[in-house]
Amino acid sequence: MADEFGESTNAIRKELNNLTQAGILLKHSDKNKIAYQANTHHPFFTNIRDIIRKYLGLDMLLEQILERMGEVEQVLLVGDLSRGVDSGKIDVVVVGDDLNHEYIKGLTKRIEELINRKVIFTFRSVRLESSGLVLFDKTVGI
């Protein structure tokens, strides 16, 4: 993160600690490794998530998928972007039954032009439990 933001590791550590103290991030320690994740129960979580979705163009992507795709159960962001690396490519997994594959083929080019990123869709019929960043989950209500 320090290289990506052009900041010192100490400055990054301080900001991560500030976000943890504010309750926005949760901190997990495992031996000599520290991991952070968003606190989904924080009152500002949905606002922050929506701002990030808008910035990346994911709000339009998600809206288009849910509008005419069929019985969508989950939409997950996987690959580089789910790890915080904006490589210009968005990998999306759509989970559901009777998904409209033809619609998404036509939609892909339009979405790519709108958000100025390459979009790659993968379709599954079985839910994923621990892979990627969840953009939509019908069961959980996100």
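One can find the structure itself at the top, above this paragraph.
Residues numbered from 1 in each chain as written. Predicted model: local features only at pLDDT ≥ 70, side-chain atom pairs only at ≥ 80, totals over all residues. Heavy atoms only, no water.

Caption draft 1: Structural context of the environment of lysine 14. Inspection of the secondary structure puts lysine 14 in helix 2 (residues 9-21). With 85 residues separating them along the chain, lysine 14 and leucine 99 place their C-alpha atoms 45 Å apart. (Helix = DSSP H or I, 4+ residues; strand = E, 2+ residues; numbered from the N terminus.)

Caption draft 2: Here's a closer look at the packing of aromatic side chains. On inspection of all chains with the given rule, the structure shows 1 aromatic pair. Arranged with centres 6.4 Å apart and planes meeting at 10°, the rings of phenylalanine 121 and phenylalanine 123 form a pair that is stacked. (Phe/Tyr/Trp six-rings, centres within 6.5 Å; stacked < 30°, edge-to-face > 60°.)

Caption draft 3: Structural context of the nonpolar core. Leu61, Ile65, Val92 and Phe121 are the most contacted members of the largest nonpolar core, which has 22 residues in total. Elements with a minimum of two residues in this core: helix 4 (58-68), strand 3 (71-78), strand 4 (89-97), helix 5 (101-115), strand 5 (118-124) and strand 6 (133-137). If you tally residues by element for this core, the top one is helix 5, at 5 residues. Other than its neighbours up to four places away in sequence, phenylalanine 121 contacts Leu61, Ile65, Val92, Val94, Ile104, Thr108 and Ile111. (Core = buried A, V, L, I, M, F, W, Y, C linked by side-chain atoms within 4.5 Å. Buried < 20%, exposed > 50% of the residue type's maximum accessible area, 1.4 Å probe, protein only. Contact = heavy atoms within 4.5 Å.)

Caption draft 4: Spotlight on unusual backbone geometry. Of note, the phi angle at lysine 31 is positive, near 60°, even though the residue is not glycine. Relative to the assigned elements, lysine 31 resides in the loop between strand 1 (25-30) and strand 2 (33-38). Taking the relative accessible area as the measure of exposure, lysine 31 reaches 83% and is therefore exposed.

Caption draft 5: How the structure looks around helix 2. Taking 1.5 Å of rise per residue, 13 residues should cover 18 Å, and helix 2 covers 18 Å from first to last C-alpha, within 8% of that figure. Positive phi shows up at glycine 23, right after helix 2, with a value of about 85°. (Expected span 1.5 Å × (residues − 1).)

Caption draft 6: The pairing of strand 4, seen in detail. With 7 of 9 residues buried, strand 4 is to be regarded as a mostly interior element. Pairing of strand 3 with strand 4, which is carried by 7 bridges, proceeds in the antiparallel orientation. Bridge assignment links leucine 77 to a residue of strand 4, and that residue is valine 92. Where strand 4 and strand 5 come together, 7 bridges link them in parallel fashion. Each residue of the ladder has a partner; that of aspartate 91, found in strand 5, is isoleucine 120. Between the parallel elements strand 4 and strand 5, the chain passes through helix 5 in a crossover that is right-handed. (Pairing = 2+ DSSP bridges. Right-handed = clockwise from strand over helix to strand, strands pointing away.)

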